Amino acid sequence: MIARRWATEADFGRAIVVGQMSPGPNGLWVISLGYFTGGILGAFLALLAISVPPLLVLVIARSYARIERWPRTQGAMHGVSIAVLALLIAVIWTILRQPGVDARGLLIATGAFGLALTRKINILLILVLAGLVGYLVYR
Amino acid sequence: MSASRPAPGAWRLLGIWAGIGLQSFGGGTSTLLLIQRTFIERRGWLTMEEFTQLWSLCLLAPGMNLVAVTALIGKRLGGTRGIAVSVAGLLLPSATITCLLAALFVRAEHSAVVQAALRGVVPATAGIMILVAVNFARPLIRARVTIGRWYPWASAVLVPLFALALIAWNVSTIAIVVSAALLGTLFFAPRAPRPLAADIQKRGES
């Protein structure tokens, strides 16, 4: 979703894929886009460009602190907590609806959820395992 | 319900965020889960309720929500310096790796091995995201005590409804967040707090 704003239609598929592998936030793909178009300087400018707008949240948080104790504000936040969950479900849905995700993909998703739920296995290891399963199943 | 463990120093904070940035392959999904695990479950510097509140504020900010929530957590734990070390710690290592991966990917894009492996990794990120969602759902259920017994039920109706609006009717994210906030001001505002049993007792004694 974030990538949509940064990448062109043609780059979009590739953006999603690299974004889903790479560490850190999704939108970081724009940094590699910056690197390809403007070298190290391009990458650095892209990094600046994506890290500054989110900092506006500090202004929002400051105004929020002033009205935090109002019952209506607290009510609004309880409403937004519900939206947060719905947004996550929409993201999960979008990922699972991608071409290339079939019934076996749903099994992999379930397995990854189960392994993550145990809290004993490193997330990175789960993803490596999933890659391995993908290789064995889909090659 | 506020988390009260002593906050970390700037270097420790930088190290923690860099660790999250380096480990969280799989796009933002695992980043979010690792943040929840590190700051809430392992260190106890935040409660899930506080984190949900910070994350909700981030939905109102432009750009990447994960950078915004990193800044807010950094601020809470280390002030202005906390913001700088947290955001830099998250972004610099992971941005470097992203660059390398993108460069490699252009070469390996059409390799059958890479494509098959990715078909495994992509649904796995969705599976991890489900756990993130479960973590976010917990405060909604616990809130029956503070807001009202019916709040979890209201959530159980509204969550699928909002999700459907996003998925099937292509309603924009911001429209969902704003209407959820409006609904909240109308229906989820807490009533005047009831005095706690301990307070009543104290008052009785004095």
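No experiment lies behind these values; they were computed from the predicted model shown.

K.L.:
Could you give an account of the overall build of chain A, naming the residues involved and the relevant values?
P.N.:
Of the regular secondary structure elements, chain A holds seven helices and zero strands. Taken from the N to the C terminus, the helices and strands of chain A come in the order α-α-α-α-α-α-α. Across the 139 residues in chain A, those meeting the buried criterion constitute 45%. Working note: accessible area of chain A is about 7,400 Å², and carbon and sulfur atoms make up 68% of it.

K.L.:
Any details on the packing of aromatic side chains? Residues and values, ideally.
P.N.:
All names here are of chain B. Under the criterion given, the structure shown has six aromatic pairs over all chains. An angle of 45° between the planes, with centres 5.9 Å apart, marks the rings of phenylalanine 39 and tryptophan 45 as tilted. Under the relative-accessibility criterion, phenylalanine 39 is labelled buried at 0%. Between the aromatic rings of phenylalanine 51 and tryptophan 55, the centroid separation amounts to 6.5 Å while the plane-to-plane angle is 20°, which identifies the pairing as stacked. Pair noted here: phenylalanine 51 and tryptophan 55 are both in helix 3 (residues 48–59), with a separation of four residues, about one helical turn. Both residues of the pair, phenylalanine 51 and tryptophan 55, count as buried. Among the aromatic residues, those joined into a cluster by ring pairs are Trp17, Phe39 and Trp45.

K.L.:
Could you give me a rundown of the interface of chain B and chain A, with the residues and numbers involved?
P.N.:
If you look at the interface, chain B gives 94 residues, while chain A gives 83 residues. Taking both partners together, chain B and chain A bury about 7,700 Å²; carbon and sulfur atoms supply 80% of that area. Contact with chain A buries area across many residues of chain B, yet B:Leu57, B:Met64 and B:Arg119 alone supply 9% of it, more than any other trio. On inspection of chain B and its partner chain A, the count reaches two salt bridges. The residue A:Asp102 makes a salt bridge to B:Arg119 at a minimum N-O spacing of 3.6 Å. Counting across the chain B and chain A interface gives six residue pairs in polar contact (both at pLDDT 80 or more). For the side of chain B that touches chain A, the secondary-structure elements that each account for two or more residues are helix 1 (10–23), helix 2 (28–42), helix 3, helix 4 (65–108), helix 5 (112–142), helix 6 (151–167) and helix 7 (173–187) of chain B. Its residues placed into classes, the side of chain B that touches chain A shows 66 nonpolar, 22 polar and six charged.

K.L.:
Describe helix 7 (residues 123–138) of chain A, naming the residues involved and giving the relevant values.
P.N.:
All names here are of chain A. An ideal rise of 1.5 Å per residue puts 22 Å on 16 residues; helix 7 measures up with 22 Å between its terminal C-alpha atoms. Three or more residues of helix 7 are buried, namely Ile123, Ile126, Leu127, Ala130, Gly131, Gly134 and Tyr138. Each buried residue of helix 7 sits inside an arc of 140° when the element is viewed along its axis, so together they form one side. Of the exposed residues in helix 7, the ones pointing more than 90 degrees away from its buried face are Val128 and Leu136.

K.L.:
Break down the nonpolar core for me, citing the residues and quoting the values.
P.N.:
A:Ile31, B:Ile35, B:Phe39, B:Phe51, B:Val69, B:Ile73 and B:Phe136 are the most contacted members of the largest nonpolar core, which has 98 residues in total. A total of 15 residues in this core trace back to one element, the largest contributor, which is helix 4 of chain B. Those residues within four positions of B:Phe39 in sequence are excluded, and the remaining contacts are B:Leu13, B:Ile16, B:Trp17, B:Ile20, B:Gly44, B:Trp45, B:Leu46, B:Ile73 and B:Leu77.

K.L.:
Help me get a handle on the pattern of salt bridges, residues and values and all.
P.N.:
In a structure, side chains of opposite charge can pair up when their charged atoms sit close to one another. Applying the stated criterion to the full structure yields four salt bridges over all chains. Put simply, A:Arg104 and A:Asp102 hold a salt bridge, and the shortest N to O gap is 3.1 Å. In this structure, A:Arg119 and B:Glu41 form a salt bridge, with 2.8 Å as the shortest nitrogen-oxygen distance. With one member in each of two chains, A:Arg119 in the loop between helix 6 (103–117) and helix 7 and B:Glu41 in helix 2 form a pair that bridges those chains. A relative accessible area of 37% places B:Glu41 in the partly exposed class. Here the residues in one salt-bridge network are A:Asp102, A:Arg104 and B:Arg119, joined through shared partners.

K.L.:
Before we move on, can you summarise the side chain of B:Ser86 with the specific residues and values?
P.N.:
For B:Ser86, the location among the structural elements is in helix 4. Setting aside its immediate chain neighbours within four residues, B:Ser86 contacts B:Leu13, B:Trp17, B:Thr70 and B:Gly74.

K.L.:
Give a detailed account of the environment of B:Gly21, specifying residues and quantitative values.
P.N.:
Along the chain, the position of B:Gly21 falls in helix 1. Taking C-alpha positions, B:Gly21 is 7.1 Å from B:Thr31, a pair spaced 10 residues apart along the chain.

K.L.:
Describe a nonpolar patch on the surface, and please don't skip the residues or the numbers.
P.N.:
Residues and elements named next belong to chain A. A cluster of nonpolar side chains, contributed by Leu125, Leu129, Leu132, Val133, Leu136 and Val137, occupies part of the molecular surface with about 490 Å² of accessible area. Tracing the backbone shows valine 133 in helix 7. Classification of valine 133 as partly exposed rests on a relative accessible area of 35%.

How each quantity is defined
Residues numbered from 1 in each chain as written. Chains lettered and ligands numbered in written order. Predicted model: local features only at pLDDT ≥ 70, side-chain atom pairs only at ≥ 80, totals over all residues. Heavy atoms only, no water. Helix = DSSP H or I, 4+ residues; strand = E, 2+ residues; numbered from the N terminus. Buried < 20%, exposed > 50% of the residue type's maximum accessible area, 1.4 Å probe, protein only. Areas by Shrake-Rupley, 256 points an atom, 1.4 Å probe, with all protein chains shown as cover. Phe/Tyr/Trp six-rings, centres within 6.5 Å; stacked < 30°, edge-to-face > 60°. Contact = heavy atoms within 4.5 Å. Buried area = accessible area lost by both parts, 1.4 Å probe. Salt bridge = Lys/Arg side-chain N within 4 Å of Asp/Glu carboxyl O. Polar contact = N/O pair within 3.5 Å; in protein donor to acceptor, adjacent residues only side chain to side chain. Nonpolar A, V, L, I, M, F, W, Y, C, P; charged D, E, K, R; others polar. Expected span 1.5 Å × (residues − 1). Arc of directions from axis to C-beta. Core = buried A, V, L, I, M, F, W, Y, C linked by side-chain atoms within 4.5 Å. Patch = residues over 30% accessible without salt bridge, like charges linked within 9 Å, V, L, I, M, F, W, Y side chains within 5 Å.

The values reported here are purely geometric and, on their own, carry no functional implication.
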